[in-house]
Every structure is written in C-alpha cells, then in structure tokens.
2 protein chains.
Amino acid sequence: MTQADTLIHAGHIIPVVPRGEVLENHSLAIADGRISAILPREQAQTITAAEVLDLPGHALFPGFVNSHGHAAMSLLRGYADDLALMPWLEEHIWPLEMQHASAEFVRDGAELAIAEMLRAGTTCFSDMYFFPNVVADVAQQVGVRCQLSFPIFDFPSAWGADSDDYISKGLALRDDHKHSELLQVVFGPHAPYTVNPAALGKVAMLAAELDLPIHIHLHETAREIEDSLAEHGQRPLARLYELGLIGPRTQCVHMTSVEEDEIALLAEVGAHVIHCPESNMKLASGRCPVPALLAAGVNVALGTDSAASNNDLSLPGEMRSAALLAKHGEGDATALPAATVLEMATINGARAMGLQEDIGSLEVGKLADLVAVDFAQPETQPLYNPVSQLVYATDAEQVTHSWVAGKALLAERRLLSLDLDDVLTRANRWAKTIVSG
Amino acid sequence: MTQADTLIHAGHIIPVVPRGEVLENHSLAIADGRISAILPREQAQTITAAEVLDLPGHALFPGFVNSHGHAAMSLLRGYADDLALMPWLEEHIWPLEMQHASAEFVRDGAELAIAEMLRAGTTCFSDMYFFPNVVADVAQQVGVRCQLSFPIFDFPSAWGADSDDYISKGLALRDDHKHSELLQVVFGPHAPYTVNPAALGKVAMLAAELDLPIHIHLHETAREIEDSLAEHGQRPLARLYELGLIGPRTQCVHMTSVEEDEIALLAEVGAHVIHCPESNMKLASGRCPVPALLAAGVNVALGTDSAASNNDLSLPGEMRSAALLAKHGEGDATALPAATVLEMATINGARAMGLQEDIGSLEVGKLADLVAVDFAQPETQPLYNPVSQLVYATDAEQVTHSWVAGKALLAERRLLSLDLDDVLTRANRWAKTIVSG
C-alpha cells in the first residue's frame, strides 16, 4: 500500500501530454503537493488517502494557465465598450486609473479577478499591473499560482515615478518572493512605445543577468507598427531585438501583425507569443497568425487580457474563440484543432513562463495544479470526445473543483479561500466610487 | 388596485425597445400570459398578484430568439469537429443521420436542446429537421415557443420520400398547429442545391398563397456560390429571386458572401438574414457582413445553428461572438455595439418570424416571454452598463428564470417542465448506440 493525501477517481483524465490522450476511468493521487500516481481505477486500491473523491462524470485536466492579464482591471469591466484601443486607453482607461488605481483598488480588483478565474478553471495567471506587491499578497493568501510581471513605464503612477523607479521596486519585489512556491516575479516593460530605449536596454541586461522572463505588449495594433516605422525606421520587434530584449525568456503579447522573417526570428531565438483573441477582436486590433507561428515551432500560449477589454477571464471561452478565429482567419476548418488549443491554454503557458517542468500537464512528479469539469450537464452531453467537449462546449459553469499544489481552492463551485460576498461588496463599492467621479 | 398573475420586481429591466434603454428598480406585471404593466417599483403597490418575485440583483429582458438551428443534432455534439462543411456533412453527419435520425432520436435530441436553450435564456427557437411533428409535440409539452420549418429535400429520409412528400407532410403539420399559441409551421427548403427548381417554385407559390415564412440555408460557403455559377450561371440569391423565393417573409440563413447589389436586393424586398457567427467560423464558411446589411436596412437576426457545428446553443455566447467577429472583420471596434447585438438576439429574430407584434421586446400588451439574469456574481460585477454586461460578460450560468407566455419554465436555474435526469440518460444512451455503429 502507498499513502497519498488526496485520491481522485475520474471518469476521464486529459493529461495534455501526450497530445490528445484521454484516460478513461483512471485515478490520480496527490502527495506532498505533487502528482504521485495516475493509474487505472481498478489498480488504485493499492493507494490509501486521507481524502478520496469520486468524480465519475467528470474530466480531470491540468489547470488553465492564463498567460496575459491585468487582474485589477476587473473593476472596470464594462466601463467603456465598443471603442478602439487608443481612444479606449487614452480617453477612458488611463484617466480613470490615474484617479483610482491605488493599492486598495488593486487588492479588491485582484480578488474579484481571482474569484472569476478560479471558477473558470484557471490555476495560474500572469499579471501586469500597478502594485504587483499587493497582487502577490492576494495570490499567496488565496493560494493561486501567479507570474507577476512588474510594470515599467516612463510615466508616473501611484506605484512608481519613472522607469528606474519601477525597475528598482520590481527587483525588490522579486527579492521578497524569490523562494515563493506560488509566485514568480518577472520584468514587465509595458510596450515598446511607453518605455525609453535606455530603460529597455537596462531590462534586457538585467533579465539576462538574472535569467528572468520579460513580459511585454508587442505588435498589438497596426498603428503601433506604423508609429514605430515613422519614429524609428524599424518595426517594434526588430527594434527590441536590437536592444537585446527578444530571447528565449521573452513573452511577446498580442503579435497581431507578424511578417515571415519575424516568425523565423521568433522561432530562432525561442521567444514565446501570448495570443489574446477576444481582446484583439473586441478592440479590432488584428489577428495573431497562430497556425503559422506553431508550424514554425514558436511556442504560443493563451491569455484573456483584462476584463475591461474582453469582458471575462474565462479560458474555456478563450480557447473556443482562439479555435474559431484561426479557422475563420485561415479559411480552413481544420486549423487549430481542439487538442492544440488545449495545449495553448495549459502546457504552452507553462513553457512561456519557464514552468513546464512543474505545471501544464498531468504527469507523475509534477505539481498537483488540476481542475475537474462535470460533463453530466445538458451543455456537455452526449460525450464523444472529452478534448473536443472541453474546448468547444464547456463553460465556467461546468468547472467544479480545482487544486493548486494539491491544495483545494474550489469544490462543487464553492471558493474555499475567498469570501465571495465580501469580494462582490467591495467590487460594487468601487463601481459607485468610479461612477460618482 | 389592479390584479396580475405574476409581479416581478427587478433591479434592471432591459426592454430592448427603445434601443439601449435600461429601467432601474422597476416592476413588471404579467396577466393572462401578457405583460400588463411595466412601472417604477414604488408605483407597483397598486398591483396585487398571486405570485410576487423579488429580483434586486437581476436584469429582466425579452427571452432570446434563436433564429436558426437543428435541435435534434444536439445528440451529435462533438461527434466530428475540426472539419470543413462539405466533408463534415457528406462523410460524417449525413451518413449518421441516414442511419439514426428516427422519431425517437428527434424527440430525445430536441429535449436535450431545449434543456440547454432554456438554461441559456432562449424562449423561442427556430428549428429545421426531420420529424418536425415530433419537435412540435416536445415544444408544446415543454411550453417553449418554436418556429418549425419543415424540411424539404429532393432525397429521401426516414421522414419523407421526395420534395413533394416533404411539402405535403409539412402542410399537414401546419394544419395540425394552425391555432397553436406556441408553434408556427413554415417552409424549410434545405438549400438551393438540395431542392430542384420545380419544387422551389412550388414552395414560392404556396408560401405566397398561405402568407407563410420560408427558412433556407443560403450563401453558406464560397463553394456553394461557385457551384451555382458553374451549374446555373447565376449566384444562388439571384436564382432564388427569379424563382420567386426571395420576399419579405424569407429568412436567408448564413449569407457569408453578399455583394453590394445583393444587399440592395435584400433591403428592397424586405428579406431577413439569419447570422450564425460561431458555426460559420468553426466551419470556416466566411463572414456575413452584418454592419453593411443593417446599414442598408436589412433585418439581421442571430442563430446558433446546431450543437454539432457550434458546439453550444447559447445566445449569450453567440451575441458576444457576433460583436467580436464584426469588430474584427470590419477593423472597427465601434462596429456592432452591444445594444445592436441584443436587438439581433431578440426583436430582430421576432421580426424575421413575423412575430414582432407579440414577442422580442418587453412592452405592455406583448406576450410575457422573458428572462432574468443574476448579475450578482463575480463574472458580472461590477456593473456599469447592464446592456454591455448582458452581451459581453453574461453566460448561461447567470440565467436564473424564464417565462413563456407568462408560464415559468426555469426558476433558479431549475427546469420546471423537463425531467433533466431522464433527458441526460437518453442522450447518453444515443451516444453509446451511435459509437457502437
């Protein structure tokens, strides 16, 4: 007999690695926060566990990795819709943030976002926003995994004065959480057009020295590229590459416009692309050519962006949108099939963050970051192919359980480490404050 | 004091007509199946009702009208994904239907579809499938509103032998339900390429005589148009127009390719377009130019198509996809704003079916077909704009109540007129039968 902390009997297990595999009537054991066994149910009698869960109509899969977002902006969900990126930012979002984005705002917004993400099956999220120290505390308290890319701008905010100040605060935050099992602190230069070249060069140098990821908005819109050509005579990717910023730990977010030689460059240096289809569509920013990037060997992960431009933080919905947009854009219904999209939402996100040895798939030895969905509902019956069902038919409502490093955070859709009523009360209070100006 | 059957106090009422209007803290009264009053809550004391509901965190709006689908095909959800339209139909769906699409299959599939649709806020759906008589019985029994377009093909199925047989069976069905308060039976010639010209002409003549709508798949793919040009020297719309089939009661489903003169023709004759963005994207069929159609004055409604090509029957998701696809396709983030998309999912669907005097908006005197969503959830907080929230952030999970002609069909997400366990058991049994061949 072997001992485990938790033993889960599941109707279906989708390990993600190997691609497309589905294990029927298998059991998964968790010990010391890691997956200690995955085996046919009838062989699981050899395992004793403190907690045993029977989920016969459910599928178990690696928790979603939301590879790009601004959690606190959930407080601005639906505040300004049906607008293009720059007027949306310049006339609505940025003025509002200048006025309201305090530590308290970030705490309340991050809690709201985490509540929504956990209910939709996300167990690890990437965040880029002011007061990353506050998000760090919230994530730690709730027990959810998080990549914090501390923001770097030339202009001041309530959190920093200028790029140097942002960098030094960010590095201090990184030191605070160097040994955290849940948090990873990385560089977050906002975009090529909001950070000066000297600061971008400094980020490149420090990131190389510390072997830390860089998370940056890049080629989000055609205007960004036109402006760069006009001002610098170069497209942003080429400019950042010259500044040393594009390498195997760089997470390029959006990339709605990518030429052939740029795809080759990304593949050659091993940079990662974070695709945010719903935000790109909603802001009419263009379309990231995901199939071409994947074919060239570029790692492409999936992100929701913020609830202010999406307007939800649901990876199930984002997977569906990614698949549908690729098929539509390529004029090819076989483009980006379900198993590939599921990889983008799990293992590819882990790879982008350099966490692929620990999360992103269900394999013995990996951290027990996992999620269960209940297929025994009218939206997900009948069931022919669990992978297809997860990508094309599942919504947050089907997500029932989640664990991060073996700790249960969601059970029967109940949040175990957040006081939801309190979170909603505070969110509501912020809306009143913001509307009253 | 006036008397009502049901009185609902709602935090927000979105009547849809007039566009974009939101009434805060209002009450809606239902008497004899119709809306008898909409008034500020403090004035609702003058109304006594047998049933009073307090929904302070909810929004009340006209039930969604799903303007195109094949309900029974829910039993094929996820059976064959990531394939283009013609191989998907010819190699997977049609052979399977030839083998299995019996009256029993249609009953079980329709019940599954209706369960899903009610849980997502649909109160009226358009259906086109074999055994429409069975769907009629199911819809009547459950109490949901339905437009049944009886299918017409040249080729035989378990329901009919040839186009004449389909037409005579359909007209008999229409006679059976001529006085139904829930059902409307209309002509459903499948597509220009599956019905011979003589039969199409007969449909045109009979529909004009009986003043009945015609529901037809049209311009679904580029291949359909190329084939028509090769075979007939005409695009399908022009051909059907010459056959007398395109008029003010014609519902043209898909229309992914429409030239300028075709938009002008549709506007001039007052034909309706049914847009199915998710199915069109998933099958890589192209994009219906909704903004241009609306600008020309064409009525455009929204449909999910079947769960076999979507893979859900959720109008909230379809609204979001319609808005996002339009913004992306037009390169204009202001295209198809939330209030317009909501009209497509409600009043425009009613107009397409000729039911706009009775359903599609919350107005005194109209039938009480309405739905409540609970915004007090992390996915839909905070709340700035209820219309935006309904289109961009709401999913089935937020849908709590629905009524059709004043009769409650859903309460706190519980289906009141369907035995869900039984529905799921039968759906599951079909999957086993189908997989075992």
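Since the structure is predicted, the reported quantities are computational estimates derived from the model, not experimental observations. (Residues numbered from 1 in each chain as written. Chains lettered and ligands numbered in written order. Predicted model: local features only at pLDDT ≥ 70, side-chain atom pairs only at ≥ 80, totals over all residues. Heavy atoms only, no water.)

**A closer look at the overall build of chain A**
Selection rule: Numbering of helices and strands runs from the N terminus; a helix is a DSSP stretch of H or I covering at least four residues, while a strand is a stretch of E covering at least two. Throughout, the radius of gyration refers to the C-alpha atoms, and the reference size of a globule is 2.2 Å times the residue count to the power 0.38. Using a 1.4 Å probe on the protein chains alone, a residue whose accessible area is under 20% of its type maximum counts as buried, one over 50% counts as exposed, and one in between counts as partly exposed. Contacts are assigned to residue pairs that have any heavy atoms within 4.5 Å of one another. All accessible-area figures derive from a Shrake-Rupley calculation using a 1.4 Å probe, and residue coverage is judged against the displayed protein chains alone. Neither His nor the chain ends contribute to the count of charged residues, in which Lys and Arg are positive and Asp and Glu negative. A single reference atom marks each charge: NZ on Lys, CZ on Arg, CG on Asp, CD on Glu.
A tally of regular secondary structure across chain A gives 15 helices and 16 strands. Radius of gyration (C-alpha) of chain A: 21 Å, near the 22 Å computed for a compact globule of 437 residues. Evaluated residue by residue, chain A yields a buried proportion of 67% over its 437 residues. Residue pairs at least 24 apart in sequence account for 71% of intrachain contacts in chain A once pairs closer than 6 positions are excluded. For chain A, the accessible area works out to roughly 14100 Å², and carbon and sulfur atoms hold 50% of it. Where the 27 positive side-chain charges of chain A centre and where its 57 negative ones centre are 3 Å apart.

**Thoughts on the domain arrangement of chain A**
Residue and element names in this part refer to chain A. Operational definition: Note that the domain bounds were set by an automatic or database domain assignment. Here the buried area means the combined drop in accessible surface, using a 1.4 Å probe, for two parts upon being joined, counting both sides. We define a salt bridge as a contact between a side-chain nitrogen of Lys or Arg and a carboxyl oxygen of Asp or Glu at a distance within 4 Å. By the criterion applied in these results, polar contacts are pairs of N or O atoms within 3.5 Å in which, for protein atoms, one can donate a hydrogen and the other can accept it, and in which residues neighboring in sequence qualify only through two side-chain atoms. When residue character is reported, Ala, Val, Leu, Ile, Met, Phe, Trp, Tyr, Cys and Pro are called nonpolar, Asp, Glu, Lys and Arg charged, and the others, Gly included, polar.
For chain A, the assigned domains read domain 1 (3–62 + 368–405) and domain 2 (64–353). The gap between the C-alpha centroids of domain 1 and domain 2 is 29 Å. Listed per partner, the contact involves 24 residues of domain 1 and 26 residues of domain 2. Taking both sides of the interface into account, the surface hidden between domain 1 and domain 2 amounts to around 1900 Å²; carbon and sulfur atoms contribute 64%. Considering only the side of domain 1, the residues that lose the most area to domain 2 are Val 391, Tyr 392 and Val 404, jointly responsible for 31% of the buried surface there. The salt bridge involving Arg 19 is made with Glu 343; its shortest N-O contact spans 2.8 Å. Linking domain 1 with domain 2 are seven residue pairs in polar contact (both at pLDDT 80 or more), by the criterion used here. Here the element with the most residues in the side of domain 1 that touches domain 2 is helix α14 (residues 386–392); it accounts for five residues. Of the residues belonging to the side of domain 1 that touches domain 2, the class tally is 17 nonpolar, four polar and three charged.

**Thoughts on the sheet that holds strand β15 (residues 407–411) of chain B**
Backbone hydrogen bonds are what pair the strands of a sheet, in a parallel or an antiparallel way. Residues and elements named next belong to chain B. Using the following cut-off: Two strands pair if DSSP finds at least two bridges between them.
Pairing in this open sheet of eight strands is mixed, and the strands run β3-β2-β1-β4-β13-β14-β15-β16 from one edge to the other. What marks the edges here is a single partner per strand, and that holds for β3 (34–40) and β16 (414–415). Examined bridge by bridge, strand β2 (residues 23–31) and β3 share six bridges and lie antiparallel to one another. Directly across from Ala 29, in β3, lies its bridge partner Ala 37.

**A short note on the pattern of salt bridges**
Residue and element names in this part refer to chain A. A full pass over the atoms with the stated rule returns 50 salt bridges over all chains. In this structure, Asp 81 engages Lys 282 in a salt bridge whose closest nitrogen and oxygen atoms are separated by 2.7 Å. Here Asp 81, found in the loop between β5 (64–66) and α1 (85–100), pairs with Lys 282, found in helix α9 (residues 277–282); they are 201 residues apart in sequence, far enough to count as distant. Here the two residues Asp 81 and Lys 282 agree in accessibility, since each one is buried. Salt bridges here are not isolated pairs; linked through shared partners, they connect Arg 107, Asp 108, Glu 111, Asp 422 and Arg 426.

**Description of the sheet that holds strand β3 (residues 34–40) of chain A**
All names here are of chain A. Read from one edge to the other, the open sheet built from eight strands follows the order β3-β2-β1-β4-β13-β14-β15-β16, with strand pairing classed as mixed. If you trace the sheet from one side to the other, it starts and ends with β3 and β16 (414–415), each paired once. Pairing of strand β1 (residues 2–13) with strand β2 (residues 23–31) involves seven bridges; the strand directions are antiparallel. Its bridge partner being in β2, Ala 10 is matched across the sheet by His 26.

**What about helix α8 (residues 260–269) of chain A?**
Given 3.6 residues per helical turn, the α-helix brings residues three or four places apart onto the same face. All names here are of chain A. This is how it is decided: Picture the helix axis, draw a direction to every C-beta atom, and the arc is the one those directions span.
Among the residues making up α8, those that are buried are Glu 262, Ile 263, Leu 265, Leu 266 and Val 269. The arc that holds every buried residue of α8, seen down its axis, measures 160 degrees, which confines them to one face. Exposed residues lying more than 90 degrees from the buried face of α8 are Glu 260, Asp 261 and Glu 268. For α8, the secondary structure elements touched by its buried residues are α7 (236–242), β10 (250–254), β11 (272–275) and α10 (290–295). Looking one or two residues past α8, Gly 270 carries a phi angle of roughly 75 degrees, positive in sign.

**Regarding the side chain of B:Asn299**
All names here are of chain B. Inspection of the secondary structure assignment puts Asn 299 in strand β12 (residues 299–302). Within the local environment of Asn 299, its side chain forms a polar contact with the side chain of His 272, the two groups lying 3.0 Å apart. Separated by 3.0 Å, the side chain of Asn 299 and the backbone oxygen of Asn 348 make a polar contact.

**Description of the environment of B:Glu104**
All names here are of chain B. Along the chain, Glu 104 turns up in helix α2 (residues 103–119). Residue classification places Glu 104 among the partly exposed positions, given a relative accessible area of 46%. Placed 170 residues apart in sequence, Glu 104 and Ile 274 show a C-alpha to C-alpha distance of 29 Å.

**With respect to the pairing of strand β1 (residues 2–13) of chain B**
All names here are of chain B. In terms of residue burial, β1 counts as a mostly covered element, since nine of its 12 residues are buried. Sheet topology places β1 next to strand β4 (residues 47–62); 10 bridges connect them, and they run parallel. Along β4, the bridge assignment pairs His 9 with Asp 54.

**Things to note about the relation of the copies chain B and chain A**
Convention followed: Here the copies were fitted onto each other by least squares, based on C-alpha atoms from residues at pLDDT of at least 70 in both.
When chain B is fitted onto chain A, the two copies agree to an RMSD of 0.0 Å after a turn of 180 degrees and an axial shift of 0.0 Å. A rotation of that kind, with that shift, is consistent with a two-fold axis. Ranked by how close their C-alpha atoms come to the rotation axis, the residues of chain B are headed by B:Glu397, at 2.9 Å. Comparing interface residues between copies, 100% of those in chain B also sit at the interface in chain A, which points to an isologous, same-surface contact.

**Observations concerning the interface of chain B and chain A**
Interfaces are frequently sized by the accessible area removed from exposure as the parts join. Contacts between the two partners involve 59 residues from chain B and, on the opposite side, 59 residues from chain A. Between chain B and chain A the total buried area reaches about 4700 Å² when both faces are included, carbon and sulfur atoms providing 59% of it. Applying the counting rule to chain B against chain A returns 10 salt bridges. The shortest N-O distance in the salt bridge between A:Asp312 and B:Arg320 comes to 3.9 Å. Our enumeration of links across chain B and chain A arrives at 24 residue pairs in polar contact (both at pLDDT 80 or more).

**Some remarks on the side chain of A:Ser279**
Residues and elements named next belong to chain A. Residue position: Ser 279 is located in helix α9. According to the relative accessible area criterion, Ser 279 is buried, its value standing at 0%. Looking at Ser 279, its side chain comes within polar contact range of the side chain of Ser 309, at 3.1 Å. With residues near it in sequence (within four places) discarded, Ser 279 still touches Thr 304, Asp 305, Ser 309 and Glu 318.

**So, unusual backbone geometry**
Cis geometry is found at the peptide bond from A:Val17 to A:Pro18, where omega equals 0 degrees. Relative to the helices and strands, A:Pro18 is located in the loop between β1 and β2. Look at the link from A:Gln381 to A:Pro382: it is a cis peptide, with omega at -10 degrees. Relative to the helices and strands, A:Pro382 is located in the loop between β13 (370–374) and α14. In the Ramachandran plot, A:Asp82 falls in the positive-phi region, its phi being about 60 degrees despite a non-glycine side chain. Along the chain, A:Asp82 turns up in the loop between β5 and α1. Residue B:Asp32 is not a glycine yet carries a positive backbone phi of 55 degrees. Counting through the fold element by element, B:Asp32 comes out in the loop between β2 and β3. What makes B:Asp32 exposed here is its relative accessible area of 75%.

**A look at the packing of α2(B) against helix α3 (residues 132–142) of chain B**
All names here are of chain B. Note the following rule: In this description, a line fitted to the C-alpha atoms serves as the axis of each element, helices being fitted only across the stretch in contact, and the angle between N-to-C directions of two axes falls anywhere from 0 to 180 degrees. Any angle between 65 and 115 degrees counts as roughly perpendicular, while under 35 counts as roughly parallel, over 145 as roughly antiparallel, and the rest as oblique. Each crossing gets its handedness from the near helix: less than a right angle anticlockwise from the far helix is left-handed, clockwise is right-handed.
Put simply, α2 and α3 touch, their axes get as near as 9 Å, and they point 40 degrees apart. Looking at the two axes, α2 sits oblique to α3. By crossing handedness, the relation of α2 to α3 is classed as right-handed. The segment α2 lies against α3, with Ala 103, Val 106, Arg 107, Ala 110, Glu 111, Ile 114 and Leu 118 engaging Val 134, Val 135, Val 138, Ala 139 and Val 142. Residue composition of the contact of α2 with α3, grouped by class: 10 nonpolar, no polar and two charged.

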